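Tertiary structure, described
Residue strings, one per chain:
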2 protein chains.
Amino acid sequence: MSEQNPLEPMGQQARAAAHALRSVSRSVKDAALREAASRLRSSREILKAENAKDLEAGREKGLSAAMLDRLELTDKRIEAMAEGLETVAALPDPVGDIVSQYVHPNGLRIARIRQPIGVVGIIYESRPNVTADAAGLCLKSGNACILRGGSEALRSNLAIAAILRDALAAAHAPENAIQIIETADREAVGHLLRMDQYVDLIVPRGGKSLISRVYAESRIPVVAHLDGVCHVYLHEDADPEKAMKIVLNAKLQRPGVCNAMETLLVHQSAAPVMLRDICLALAEAGCELRGCERTRMLIDCFPATEEDWRTEYLDKILSIRIVSSLDEAIAHINEYGSHHSDAIVTESYEAAERFLDEVDSAAVYVNASTRFTDGYEFGLGAEIGISTSKLHCRGPMALEGLTTLKYVVRGNGQIRE
Amino acid sequence: MSEQNPLEPMGQQARAAAHALRSVSRSVKDAALREAASRLRSSREILKAENAKDLEAGREKGLSAAMLDRLELTDKRIEAMAEGLETVAALPDPVGDIVSQYVHPNGLRIARIRQPIGVVGIIYESRPNVTADAAGLCLKSGNACILRGGSEALRSNLAIAAILRDALAAAHAPENAIQIIETADREAVGHLLRMDQYVDLIVPRGGKSLISRVYAESRIPVVAHLDGVCHVYLHEDADPEKAMKIVLNAKLQRPGVCNAMETLLVHQSAAPVMLRDICLALAEAGCELRGCERTRMLIDCFPATEEDWRTEYLDKILSIRIVSSLDEAIAHINEYGSHHSDAIVTESYEAAERFLDEVDSAAVYVNASTRFTDGYEFGLGAEIGISTSKLHCRGPMALEGLTTLKYVVRGNGQIRE
C-alpha cells in the first residue's frame, strides 16, 4: 500500500466499520434498511433536484437519450429503490449460517459458518439506483462498502448515499459501513483498486471497458458482472411451438439486458422446418437479422461476420447460425459465448443432458428462456448483479455471494498427536 | 492473449482435456488414480535415480540441508504419494452434487450443481510430492491442470508427471488432463499467469516471494496458500493445564508448518499465574523466546520487535505479548496475523463466542491447538493446501475448493412474462 493513496482514510474507516458490524444484530441492520427506505421516500424532492443537475450536465455533455433515461430518478424509481431496501430487510440474514458441521473422532466440533467478507468495493455506471441496491445488500450481509458510481450520476449518488448514512446513524449502526467516493476523478478508481490492505472484494458492474480496466489494475479479488452473449440452440427435434415462444421471449422481452439472447443456433434439420416462421415473427417485431451463409440460403437477412458471434447487441438485433450437430452448437457456445446463460430447445433426453453438462456457463437451460437468470427469479430475493466469474460466486450474486466461510472449531483441550 | 505466449499450445490442450473430462465417469478417473499409484510404486528406482540428479545439482548449488531434505524422494515418500492417490480415488466425486434446488412458481426446476472449474494452474516449490497430490485432486474433481514445480526438483517432477500421464492413457482418460511445464525458466511462470484465455484458477503454494509475484502478475484469479502467523491467546480465566498442553502442541509438535503458533498472547491477569511454567517448558524443549516489555518483566527472554509480530518463524522461536484485554488480543490478531488459524484458551462462554465471531481468520479455535487446520483433520479427506484467501475457498482446499457451481434449469417451454 502506497502511503500516498488519498483513499486510505476511507479504507481505514471501512475496515473499522466492518469490524463494528460483526457485533451489530440483524434487527439493527434491518431497522437501518427500513429507515433508509423511509428516508428515500421522504427525500424525493431533494433527490430529484440533485438528479436534475446531473441530467442537465448530461444533456450539456451530449449524453444519448438512452443514457439520460437510465440516469433519471423518477418518483417510480425512487419508490422502487425504497421497496428494494425493504425487500432486503425482509430476507433472512446469511451471517452465522452453519453450512456444515463435522465432529472429529477426538470430539472437536468443526463447523463451517457464513461470515461477512469484510469490505466490498463496488464500481458501477449510470443508474443511480445501484447506490441503494448495492449498499443495502452489503449492509444486510454485514459488509462495509465503498461505492464508486459513474461520474454522470455523481450528484444523485451522493444524495442517495447521504440518506443511507443518515439512516445508519439513526439506527445506531456504524455510519461508515456505507461510504461513497465523492470525486468524479477517474484516478480514484485506480486508488480504490490498489487498496488491498483494506478492501477484500471488488464488484464491477458496467461495460466491457470498465471491467477490463478493473481486471488489469486490481490488486484485489474481482467478481465481475460482464457481458451476456447468450444463445438459444434449437436442436433437430425441437418442438416448433416452444422454439418460437422461447426465441421471441429471449430476444425481445427486454433486449437491453445481459440475459437476453444475442445468437440463435439452429440444427440443420430444424432450420428448414421452423427458421422461416421464427425469423418472420422476429422481423415483424422490428428485429434485425444477421445470418451465416447457410442461414442466408433460407432467409433474407444481413450477413453475420465473425465479430457478430462475439457481440452483445443489447438491442433488437440477432445473429443466426445453422450448425450440423449438437457438438457444433456446444463448441460454438463455449468458444464465442460469454459463459452467462444458454438454452437448448429439444425433446431429446440425451441432447438435453449433454447440453447441460457440456455448456460451460453460469446458467444452462432446457426448454426455457434465458431471461430467467436473475436473483429474484432464482429465489435469492435480490441481486447485486450476475457474475460471469467462475470462482466464489457464479450467476446471480446476492447475500450469499457477499459472504465467506470460516471454520469454527470448539474443543476442550484437544491437541494434535 | 499474446500470440507469442510459448505456453499457448499447452493451454489449448488443457482446455480440450478439461472439456473431454466432462464426459469421463468417476470410475475411469478413479481407475486412473489407482493406476498412477501402482505405477509410482513400480517406478521407484527410476524416480529415485531422477531425484538423485536433482539432489546432486542441489548440493552443487549449495541448497541448505533442510531444502535438500524436502527435495529427497525416499521409498517411504514414494509410498506416501501412491497412498495419497488411492485415498483421493476412494473419496466421493464432488462433480454433479446438487447443492440446492428451487422450484419456481411457474414450474421451472432451478438447481445449483457442482462442476469442475476447468483448467487449474499450480505453482509450487521444492517438495516433489506436490506433483502427484495436486494432480490427483485436480483429476478427481474433473479439472485439467498445468503444473509448475520448483526448478530444483525439475527432474523429479517431470518423472512423476510422466508416470501420471501414462496412467491416464492406460485408463483411457485424456492424457493432457495433467501437463507439466518442462523448463526451469523463470519466465514460464509469467507466461502461465497471462494465459487467462485458457486457465481458470491459479493456486500458488510456496514462500512469500512466490505468492507476491503471483498476485502482482496474474491475470487469472488466485487462491493463495500464504504464510501462517498463527496465535494462541490465553484469556484471564484460561485453564492452566489446557493452556500448557495447547501452547506446547501448537508451537512444538511440528514447528515448520503453517498452522503452528508463532505468537503467544497472554492476558495480564493470566501471565503471572501461568506464563513462567509455560516458558520454562518451551525453553526446555529448545524454543527461543522473544517477549514484549511486560513479558520481559516476568520472564528472561529476548526482546520482541514490531517485526516479530508479523514473522512466520517456521522454527522453534516464539514471540510473546501480554495484553490488557480480550479486545486487545483480538485487535492484535486481526492486525498482525495472517488470518490463518488462531485459538483462544478460556473457560468463559462470552470470551469464547466473541473470539470466534471477531477474529477474522480462516479457522478459529476455542480450547484446541491450531495444528488441526488441515484437510484430513477437518474431514475433507485430502488437501491441496490451506487457503488464506477469503473468496471462493477459505481454509483447507480439497475437492470442493476445486469446483464451481452452475445453475441448471429444466423447463417445458417457460418464458418470462
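Everything quoted here is computed from the prediction, not taken from an experiment.

Overview of the interface of chain A and chain B
Counting from both sides, the interface comprises 52 residues of chain A and, opposite them, 52 residues of chain B. Elements that contribute at least two residues to the side of chain A that touches chain B include exactly helix 10 (240-252), helix 15 (349-358), strand 13 (363-368) and strand 16 (403-414) of chain A. Element by element, the count of residues in the side of chain A that touches chain B is highest for strand 16 of chain A, at 11 residues. Taken together, the residues that form the side of chain A that touches chain B break down as 23 nonpolar, 14 polar and 15 charged. The sheet contact formed by strand 13 of chain A and strand 16 (residues 403-414) of chain B spans five bridges and is parallel. Across the sheet, the residue bridging to A:Ala368 is B:Gln414, located in strand 16 of chain B.

Some thoughts on the environment of A:Gly413
Within the element layout of this structure, A:Gly413 appears in strand 16. Spatially, the C-alpha atom of A:Gly413 lies 9.2 Å from that of A:Leu108, the residues being 305 residues apart in sequence. Filtering out sequence-adjacent residues up to four positions away, A:Gly413 remains in contact with B:Lys242, B:Lys245, B:Ile246 and B:Asn367.

Thoughts on the pairing of strand 7 (residues 230-234) of chain B
Residue and element names in this part refer to chain B. With respect to burial, strand 7 is a largely interior element, five of its five residues being buried. Burial of the side chains of strand 7 extends over both faces: Cys 230, Val 232 and Leu 234 are buried on one face and His 231 and Tyr 233 on the other. With five bridges joining them, strand 7 and strand 8 (residues 261-267) adopt parallel strand pairing. Looking at the pairing, His 231 lines up with Thr 263 of strand 8. For the crossover that starts at strand 7, traverses helix 10 (residues 240-252) and ends in the parallel strand 8, the hand is right-handed. Bridge count between strand 7 and strand 12 (residues 341-345): four bridges; the pairing is parallel. If you follow Tyr 233 over to strand 12, its bridge partner there is Ile 344.

Some points on the relation of the copies chain A and chain B
Superposing chain A onto chain B takes a rotation of 180° plus a shift of 0.0 Å along the axis, which leaves an RMSD of 0.0 Å. What the superposition gives is, in effect, a two-fold axis relating one chain to the other. It is A:His392 whose C-alpha, among those of chain A, lies nearest the rotation axis, at 1.8 Å. Interface overlap between copies is the fraction of interface residues in one copy that are interface residues in the other; for chain A against chain B it reaches 100%, indicating a shared surface.

Digging into the sheet that holds strand 6 (residues 201-205) of chain B
Residues and elements named next belong to chain B. Taking strand neighbours across the sheet as the criterion, the four strands line up as 5-4-3-6 in an open arrangement whose pairing is parallel. In this open sheet, the two edge strands, each paired with only one partner strand, are strand 5 (178-180) and strand 6. On average, adjacent strands in this sheet sit at an angle of 20° to one another, irrespective of strand direction. By the bridge criterion, three bridges tie strand 4 (residues 144-148) to strand 5 in an arrangement that is parallel. Following the sheet pairing, Cys 145 is matched in strand 5 by Ile 178. The strands that helix 1 (residues 8-21) touches are strand 3 (119-124), strand 4 and strand 5; relative to strand 4, the one it contacts most, it runs at about 145°.

Quick look at the pairing of strand 12 of chain B
Residues and elements named next belong to chain B. Within strand 12, five of the five residues are buried, leaving the element largely enclosed by the surrounding structure. Neither face of strand 12 is open: one carries Ser 341, Ala 343 and Val 345, the other Asp 342 and Ile 344, and all of them are buried. Taken together, the four bridges between strand 12 and strand 13 (residues 363-368) define a ladder with parallel strand orientation. Within the sheet, the bridge partner assigned to Asp 342 lies in strand 13 and is Val 364. For the segment spanning strand 12, helix 14 (residues 349-358) and strand 13, crossover handedness is right-handed.

Digging into helix 3 (residues 44-61) of chain A
Residues and elements named next belong to chain A. For helix 3, which comprises 18 residues, the first-to-last C-alpha distance of 25 Å matches the rise-based estimate of 26 Å (1.5 Å per residue) to within 8%. Regarding helix 3, the residues found buried are Leu 47, Glu 50, Asn 51, Asp 54 and Leu 55. An end-on view of helix 3 places all buried positions within 150° of arc, on one side of the element. In helix 3, the exposed positions angled more than 90 degrees off the buried face are occupied by Glu 45, Ile 46, Glu 56, Arg 59 and Glu 60.

Quick word on the nonpolar core
A:Cys145, A:Leu164, B:Cys145 and B:Leu164 are the most contacted members of the largest nonpolar core, which has 149 residues in total. Not counting residues within four places of it along the chain, the set of residues in contact with B:Cys145 comprises B:Val120, B:Ile122, B:Ala134, B:Ala135, B:Cys138 and B:Ile178.

Observations regarding the packing of helix 2 (residues 26-42) of chain B against helix 5 (residues 75-90) of chain B
Residues and elements named next belong to chain B. Closest axis-to-axis distance for the helix 2/helix 5 pair is 8 Å, and the angle between their directions is 170°. By the angle between their axes, helix 2 is roughly antiparallel relative to helix 5. Contact with helix 2, carried on its side by Asp 30, Leu 33, Arg 34, Ala 36, Ala 37, Leu 40 and Arg 41, involves Ile 78, Met 81, Ala 82, Leu 85, Glu 86, Val 88 and Ala 89 of helix 5 and no other residues of that element. Its residues assigned to classes, the contact of helix 2 with helix 5 comprises 10 nonpolar, no polar and four charged.

Focus on the domain arrangement of chain A
We note that the domain assignment places domain 1 (8-226 + 392-410) and domain 2 (230-372) within chain A. Computed over C-alpha atoms only, the centres of domain 1 of chain A and domain 2 of chain A are separated by 35 Å.

Focus: the sheet that holds strand 6 (residues 201-205) of chain A
Residue and element names in this part refer to chain A. Spatially, 5-4-3-6 is the arrangement adopted by the four strands of the open sheet, whose pairing is parallel. The open sheet is flanked by strand 5 (178-180) and strand 6, the only strands paired with a single partner. On average, each strand axis in the sheet is tilted by 20° relative to the strand beside it, whichever way the strands run. Inspection of the sheet shows strand 3 (residues 119-124) paired to strand 4 (residues 144-148) by five bridges, in the parallel sense. For Gly 121, the partnering residue across the bridge sits in strand 4 and is Ile 146. Where helix 6 (residues 129-140) meets the sheet, it contacts strand 3, strand 4, strand 5 and strand 6, and its direction lies at approximately 165° from that of strand 4. Across the sheet, helix 7 (residues 154-170) touches strand 4 and strand 5, and the angle it forms with strand 5 is around 155°.

Reading the values: rules and limits
Residues numbered from 1 in each chain as written. Chains lettered and ligands numbered in written order. Predicted model: local features only at pLDDT ≥ 70, side-chain atom pairs only at ≥ 80, totals over all residues. Contact = placed C-beta atoms within 7 Å. Helix = DSSP H or I, 4+ residues; strand = E, 2+ residues; numbered from the N terminus. Nonpolar A, V, L, I, M, F, W, Y, C, P; charged D, E, K, R; others polar. Pairing = 2+ DSSP bridges. Buried ≥ 20, exposed ≤ 12 C-beta atoms within 10 Å, placed from the backbone. Right-handed = clockwise from strand over helix to strand, strands pointing away. Least-squares fit on C-alpha atoms with pLDDT ≥ 70 in both. Axes fitted to C-alpha atoms, helices over the stretch in contact; angles between N-to-C directions. Expected span 1.5 Å × (residues − 1). Arc of directions from axis to C-beta. Core = buried A, V, L, I, M, F, W, Y, C linked by C-beta atoms within 7 Å. Parallel < 35°, antiparallel > 145°, perpendicular 65-115°, else oblique. Domains from an automatic or database assignment.

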